[in-house]
Amino acid sequence: MRVFVAGATGVLGTAAVRRLVSSGHEVTGIARSEEKRRLLYTLGAEAAQVDLFDPSAMRAAIEGHDVVCNLATRIPTGTAMMRTAAWRENDRIRAEGSAIVAKAAAECGALRLIQEAITYVYADGGQDWITEKSPIAAVPLTQSSLTATTNAMGFADQYRFAVVLRFGMFYGADALTRWQLERVRRGKPVLNGEPDAYVSPITIEDAASAVVAALAAPTGIYNVAGQPVHRTEWARALGTAAGVDGSAKFFSPFVRRLLGSRAEPLSRSQRISSDAFHTATGWRARTDLAEGFAPAVKVAR
Ligand SMILES: NC(=O)c1ccc[n+]([C@@H]2O[C@H](COP(=O)([O-])OP(=O)(O)OC[C@H]3O[C@@H](n4cnc5c(N)ncnc54)[C@H](OP(=O)(O)O)[C@@H]3O)[C@@H](O)[C@H]2O)c1
């Protein structure tokens, strides 16, 4: 298939492009600089130099593709995450950008749209499993992911497929994982929420394989995550990956109060079930926690 990828040069995009190419697809990705263009060529993909917010340029770039994947995001990393203003670009990409991508894909006659989304839109599930039918509790920082979902689902009709992938928490050799491990090495806290709450991490490679699996999924919104673990287990895995004695530390109640609603979705218990996606496509996360941290540990060395 001819696959167009917005966000092709990002952490998920790069891994997805590599897998799409090795699965035999012809891939074009957005590359906004010469360096990124070379990266896509190295991965075996073509490059299109377009701005996600330019509807006519996007139409011209998407023309001739069977599938469009929108994996573009701009998530602030480190302490910038706590500044509301740092999320504006991400909100715009998810809310406005997704509408432009979906419209261009429809106008160009693409048959399938795959849209990146997040599980942080679900309410705290406590010890219960979270399925696609579980209650939603968006906050201003996650609302744009719901808008992107609505925009993508509007693409679907009798002939066209829309697949929204609600990913759990990415980890691997990405910027956020490296930032967390560096803090853990310095003895600084990184964890929010209750120790017995669940987290549902997913490696970048498993998320990329889900993008490939989504090429064959029926229209729908799907949760996509690895095996959920209690936060204490996640803290132990972070500590081991950082090479320190013991587990990663939790923020104090005082700091958590200071972080307020911006960090609240990260404190929720997320015992994410990916069974619907497994039933639809056969996909399962393949990486365990120790293996999942290996790329970040390698980069640190
Ligand atoms: N579910 C999750 O836990 C989750 C989800 C998303 C991200 N994250 C994490 O957040 C951290 C930062 O990730 P990120 O998403 O900011 O960076 P990223 O993955 O490096 O980049 C996202 C992609 O979107 C593209 N993009 C951004 N704005 C664009 C625009 N206006 N037009 C066209 N393309 C545009 C970028 O292009 P350029 O390369 O040209 O900038 C890049 O290809 C990472 O650690 C990642 O793992 C986690």
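Residues numbered from 1 in each chain as written. Predicted model: local features only at pLDDT ≥ 70, side-chain atom pairs only at ≥ 80, totals over all residues. Heavy atoms only, no water.

Student: What is the right way to read the overall build of the chain from this model?
Tutor: Regarding its fold elements, the chain presents eleven helices and 13 strands. Relative to its length of 301 residues, the chain is compact, with a C-alpha radius of gyration of 19 Å against a globular reference of 19 Å. The C-alpha extent of the chain, read off along each of the three principal axes, is 55 × 40 × 40 Å. When burial is assessed residue by residue, the chain has 51% of its 301 residues classed as buried. Taking all contacts inside the chain whose residues are at least 6 apart in sequence as the whole, residues at least 24 apart take part in 78%. As displayed, the chain has an accessible area near 13,500 Å², and 53% of this comes from carbon and sulfur atoms. The averaged location of the 29 negative side-chain charges in the chain is 5 Å from the averaged location of its 35 positive side-chain charges. (Helix = DSSP H or I, 4+ residues; strand = E, 2+ residues; numbered from the N terminus. Rg over C-alpha atoms; globule rule 2.2 N^0.38 Å. Buried < 20%, exposed > 50% of the residue type's maximum accessible area, 1.4 Å probe, protein only. Contact = heavy atoms within 4.5 Å. Areas by Shrake-Rupley, 256 points an atom, 1.4 Å probe, with all protein chains shown as cover. Lys, Arg positive; Asp, Glu negative; His and termini not counted. Charge placed at Lys NZ, Arg CZ, Asp CG, Glu CD.)

Student: Would you mind showing me how to read the nonpolar core here?
Tutor: Counting 36 residues, the largest nonpolar core has Val5, Leu165, Phe167 and Phe277 as its most contacted members. Elements that contribute at least two residues to this core include exactly strand 1 (2-6), helix 1 (11-22), strand 4 (67-70), strand 7 (161-167), helix 7 (204-213) and strand 11 (220-224). The greatest single-element share of this core, amounting to seven residues, is contributed by helix 7. If we ignore the near neighbours within four places in the chain, the residues touching phenylalanine 167 are Leu12, Glu116, Ala117, Ile118, Thr119, Ile202, Ala207, Ala210, Val211 and Val224. (Core = buried A, V, L, I, M, F, W, Y, C linked by side-chain atoms within 4.5 Å.)

Student: Help me understand the pairing of strand 2 (residues 26-30) in this model?
Tutor: Along any regular strand the residues' side chains alternate between the sheet's two faces. Counting buried positions along strand 2 gives four out of five residues, so the element sits mostly inside the fold. As defined by bridge partners, strand 1 adjoins strand 2 across four bridges and the pair is classed as parallel. Among the inter-strand pairings, phenylalanine 4 is bridged to a residue of strand 2, identified as threonine 28. One crossover worth recording links strand 1 to the parallel strand 2 by way of helix 1, and it is right-handed. Bridging between strand 2 and strand 3 (residues 46-48) involves three bridges; their strand directions are parallel. Within the sheet, the bridge partner assigned to glycine 29 lies in strand 3 and is alanine 47. (Pairing = 2+ DSSP bridges. Right-handed = clockwise from strand over helix to strand, strands pointing away.)

Student: Can you walk me through the site of the ligand in this structure?
Tutor: In the vicinity of the ligand there are 24 residues, among which Thr9, Thr73, Arg74, Ile75 and Asp174 approach most closely. Within the side chain of threonine 73, a nitrogen or oxygen atom sits 2.3 Å from an oxygen atom of the ligand. The contact in question runs from a nitrogen atom of the ligand to an N or O atom on the backbone of glycine 168, over 2.9 Å. For the ligand, whose free accessible area comes to 910 Å², the fraction covered by protein is 90%. Of the residues contributing to the shell around the ligand, the split by class is 13 nonpolar, five polar and six charged. (Near = heavy atom within 4 Å. Polar contact = N/O pair within 3.5 Å; in protein donor to acceptor, adjacent residues only side chain to side chain. Nonpolar A, V, L, I, M, F, W, Y, C, P; charged D, E, K, R; others polar.)

Student: Please clarify how the side chain of glutamate 116 should be interpreted in this entry.
Tutor: Summarising the element assignment, glutamate 116 is placed in strand 5 (residues 112-118). By relative accessible area, which is 5% here, glutamate 116 ends up buried. A distance of 2.9 Å separates polar atoms of two side chains, one belonging to glutamate 116 and the other to arginine 94. Apart from residues no more than four positions distant in its own chain, glutamate 116 is found in contact with Asn70, Leu71, Thr73, Arg94, Leu165 and Phe167.

Student: Looking at this model, I keep getting lost on the side chain of serine 98. Mind explaining?
Tutor: Mapped onto the elements, serine 98 comes out in helix 4 (residues 88-107). Under the relative-accessibility criterion, serine 98 is labelled buried at 2%. Within the structure, serine 98 has its side chain in polar contact with the backbone oxygen of alanine 95 (distance 3.2 Å). With near-sequence residues (within four places) excluded, serine 98 lies in contact with Asn70, Ile93, Gln115, Ala148 and Asn151.

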